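# A look at the structure
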Amino acid sequence: MSAKRSHILKTKLESKPFSGLKKYCETRWVERHEALSIFVDGFLEIVLALEDLMTSENDKSAILLHNSLCNFQFLITCSIMERVLGITYTISKYLQTENIDIITATNSIETTTTKLHRLRNEEEFQKIFDSAIEIAEKVGVSPIIPRTVGTQEHRANYIVNDGDCCTYYRVSIFYPYLDDLLSSFNERFNSNSSLISSLSCLLPSKVKKAHLTIYKWL
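Presented here is an overview of the structure given in this document.

As enumerated under the stated definition, the model contains 8 aromatic pairs in all. An angle of 70 degrees between the planes, with centres 5.9 Å apart, marks the rings of Phe39 and Phe43 as edge-to-face. As far as burial versus exposure is concerned, Phe39 and Phe43 are alike and both buried. Seen in terms of ring centroids, Phe174 and Tyr175 are 5.8 Å apart; in terms of plane orientation they differ by 35 degrees. Their pairing is tilted. Both residues of the pair, Phe174 and Tyr175, count as buried.

Another aspect to go through is the packing of helix 2 (residues 29–41) against helix 3 (residues 43–56). For the pair helix 2 and helix 3, the least separation of the axes is 4 Å and the interaxial angle reads 65 degrees. Facing Phe39, Val40 and Asp41 of helix 2, the residues of helix 3 in contact are Phe43, Glu45 and Ile46.

Closest axis-to-axis distance for the helix 6 (residues 102–119)/helix 8 (residues 165–189) pair is 10 Å, and the angle between their directions is 160 degrees. As judged from the angle between their axes, helix 6 and helix 8 are roughly antiparallel. Note that helix 6 runs across helix 8; the crossing there is left-handed. Counting all contacts with helix 6, which are made through Ile109, Thr112, Thr113, Leu116, His117 and Leu119, the residues of helix 8 involved are Phe174, Leu178, Leu181, Leu182, Phe185 and Phe189. Here the contact of helix 6 with helix 8 is composed, by residue class, of 9 nonpolar, 3 polar and no charged.

Another point: helix 3. Spanning 14 residues, helix 3 covers 20 Å between terminal C-alpha atoms, matching the ideal 20 Å at 1.5 Å per step. Those residues of helix 3 lying buried are Phe43, Glu45, Ile46, Val47, Ala49, Leu50 and Leu53. Looking at the buried positions of helix 3, the neighbouring elements they touch are helix 1 (3–12), helix 2, helix 4 (60–69), helix 5 (72–94) and helix 7 (122–138).

Reading guide: rules and limits
Residues numbered from 1 in each chain as written. Predicted model: local features only at pLDDT ≥ 70, side-chain atom pairs only at ≥ 80, totals over all residues. Heavy atoms only, no water. Phe/Tyr/Trp six-rings, centres within 6.5 Å; stacked < 30°, edge-to-face > 60°. Buried < 20%, exposed > 50% of the residue type's maximum accessible area, 1.4 Å probe, protein only. Axes fitted to C-alpha atoms, helices over the stretch in contact; angles between N-to-C directions. Helix = DSSP H or I, 4+ residues; strand = E, 2+ residues; numbered from the N terminus. Contact = heavy atoms within 4.5 Å. Parallel < 35°, antiparallel > 145°, perpendicular 65-115°, else oblique. Left-handed = near helix turned anticlockwise from the far one by under 90°. Nonpolar A, V, L, I, M, F, W, Y, C, P; charged D, E, K, R; others polar. Expected span 1.5 Å × (residues − 1).

Written out as structure tokens, the structure reads:
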């Protein structure tokens, strides 16, 4: 980002507790959530900064970015990711700490997956959709469904009744994203959960409790 663009963005973000954006990290979930959270929180100011560049400099890059950001599919995707990553943030941060208890970590992972499963319903998505609508109204964007064609190569055609945008984005983005995330959790963690649980009996606290139980029985 050029010095002038950085200055305009920093000026727009004066009311925020941050002065710039963070790079989106593909591998570290904690940094990914923090970058997305900052982006969503400062979204309106980012759009205003781009509009300033479009007006004063006729910046073609700013025009392209503005068109990409002021798109309802982009807005609903950001809202979905912010909500989901908000759930995974705690466990992501915990798993990066030193000397963690593997049993506690396993329990925390199970708690996280339970929360993700509970998120997968119409009522929860309606809240996410409403938040995206609120942002969209502020930047003059209307919720629309992408057009469908007979032969679609890059995405599936989802047919919804009466052009219901909420239902469309729930079945086309929200559910697939959650299902993929839950599948990744299951693949990475659940395969060893039984073994980890069985090894918990070797923990000193468990062994001591077992000895006390045997002593009382005798």
